[in-house]
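Structural characterization, general
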Amino acid sequence: MPHPHTRVASSVRGSVRCIDVDAGDCAAVGNAIEDMYDDALDVIVVRGAFDAAVLAEVGERLDRDGNDPGWSRPNEKMPVEDVQLLGTDTPATPTFRSPRGESLDAYLSSAAAHASEAAAVFNVGFDAAHEIRAVLARFSGARAVEAARARDGRGYAPYTIRRLADGRQIGVHHDYHYRLDLYRELAEQVDTRTLISYVATLRSARGGGELLVYSATSDAPDLPKLPNGYSYDLAAIEARYDCACVATDPGDLFLLASGRCLHRVERIAGPPSRITMGGFLALDKPRERVLFWS
Ligand SMILES: O=C(O)CCC(=O)C(=O)O
């Protein structure tokens, strides 16, 4: 039974279940995270989830020429995917520098070393990790929301800030990352049926930058691949599957069942850059808490 707010896009094969709500009108979607886990919902877009003026001011400042607050570039080898990051130089995903991800120890050390760079972009009085926790709690079904911690107490990066400048994109992929070494402790703590991305916008691109979500899921046996046997064949995926297109403004948030749904970010055309802050979240195994990291 579709959720009452669900807009089901027209379907070639399957459909992307996407809800678009205003932050002031979220009461009916308070259990969205569990709905995503239960494969009843793929995307929720929340308009005005964060203070738009606060995030837009940071986005504008980060996009000024000559402002380098310490961006790391783990995909530098692949110019079209050259995302800039604050908050770690060792993200919790495969990168072109490290296609299998780094070790858990390298990930945790990087999160500790780079945390202050991300926090420092916000003015005093805006604690981004705290704000993210409060916003995610509105969709957690009254579960506690906590930043993930390793067994030895070290913290995972709660969020990263990401900049996609002119000509950059995020290619089609999904985020079922539990097999990576850096997930070995998280995989023991969380319900590994899926993984959810959370992304808030600080600055929108004028050309490109939309999130495109496909009805193609990571467990489908016959997803079209290129002859290299590794990369998805985007043209074939677009021909065969339904797609939902999500455009966001500063302050908007989306949650995406990214462990399951193939998705990508459209290539940026010209300035301004697209700047976001985000990461992943999951239910813990007893489904009592939500843990988030980036
Ligand atoms: O930046 C985005 O909109 C999407 C990021 C992404 O691909 C992900 O969270 O898996």
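Note that this is a predicted model, so its numbers are computed, not measured. The numbers attached to residues start from 1 for each chain and follow its sequence in the written order. Owing to the predicted nature of the model, reporting of local features is limited to residues with pLDDT of at least 70; listing and counting of side-chain atom pairs is limited to 80 or more, with chain, interface and lining totals taken over all residues.

1. A closer look at the overall build of the protein chain
- Strands here are runs of E lasting at least two residues and helices are runs of H or I lasting at least four, both read from the DSSP assignment and numbered beginning at the N terminus. For the protein chain, the helix and strand inventory stands at six helices and 14 strands.
- In terms of overall dimensions, the protein chain is globule-like: its C-alpha atoms have a radius of gyration of 18 Å, near the 19 Å expected for 294 residues.
- The principal-axis extent of the C-alpha atoms belonging to the protein chain is close to 45 × 45 × 40 Å.
- When the 294 residues of the protein chain are sorted by exposure, 42% land in the buried category. We compute the radius of gyration from the C-alpha atoms alone; for a globule the expected value is 2.2 Å times N to the 0.38, where N is the number of residues. With C-beta atoms placed from the backbone, a residue is buried if 20 or more other C-beta atoms are within 10 Å of its own, exposed if 12 or fewer are, and partly exposed between those counts.

2. Brief notes about the site of the ligand
- The environment of the ligand is formed by Ile 170, Asp 175, Ser 197, Val 199, Leu 211, Ser 258, His 263, Val 265, Thr 276 and Gly 278.
- Under the grouping applied here, Gly and all other residues not named as nonpolar or charged are polar, the nonpolar ones being Ala, Val, Leu, Ile, Met, Phe, Trp, Tyr, Cys and Pro and the charged ones Asp, Glu, Lys and Arg. The residue inventory of the shell around the ligand, partitioned by class, reads four nonpolar, five polar and one charged. Nearness between a residue and a molecule or strand is assessed with a C-beta atom placed from the backbone; a distance within 6 Å qualifies.

3. Remarks on unusual backbone geometry
- Here the residue pair Pro 271 and Pro 272 is connected by a cis peptide bond, since its omega of -5° sits within 30 degrees of zero.
- With respect to the helices, strands and loops of the structure, Pro 272 is situated in the loop between strand E12 (261-265) and strand E13 (274-283).
- We note that Ala 142 has phi near 70°; this positive angle belongs to a residue other than glycine.
- Examined against the element boundaries, Ala 142 turns out to sit in the loop between helix H4 (128-136) and strand E5 (144-147).
- By the C-beta count within 10 Å, which is 7 here, Ala 142 ends up exposed.
- Although it is not a glycine, Arg 287 sits at a positive phi angle of roughly 60°.
- Residue Arg 287 is classed as partly exposed on the basis of its C-beta count, with 14 C-beta atoms lying within 10 Å.

4. Here's the deal with the confidence of the model for the protein chain
- Values of pLDDT, which run from 0 to 100, indicate the predictor's confidence residue by residue. For the protein chain, the average pLDDT comes to 94, and 95% of its residues sit at 70 or higher.
- Residue pairs are scored as contacts if the distance between their C-beta atoms, which are placed from the backbone, is within 7 Å. With pLDDT under 50 throughout, residues 1-12 is counted as low confidence; its partners more than four residues away or in other chains account for 27 contacts.

5. Examining helix H3 (residues 104-119)
- One less than the residue count of a helix, multiplied by 1.5 Å, gives the span that helix is expected to have. Between the first and last C-alpha of H3 there are 22 Å, a value that for 16 residues agrees with the 22 Å anticipated at 1.5 Å per step.
- Throughout, bend refers to the angle between the axes fitted to the seven residues that end at a position and the seven residues that start at it. At Ala 113, H3 shows its maximal bend, which comes to roughly 40°.
- Within the sequence span of H3, burial applies to Leu 104, Tyr 107, Leu 108, Ala 111, His 114 and Ala 118.
- Among the structural elements, strand E4 (84-86), strand E6 (160-164) and helix H5 (184-189) are those in contact with the buried residues of H3.

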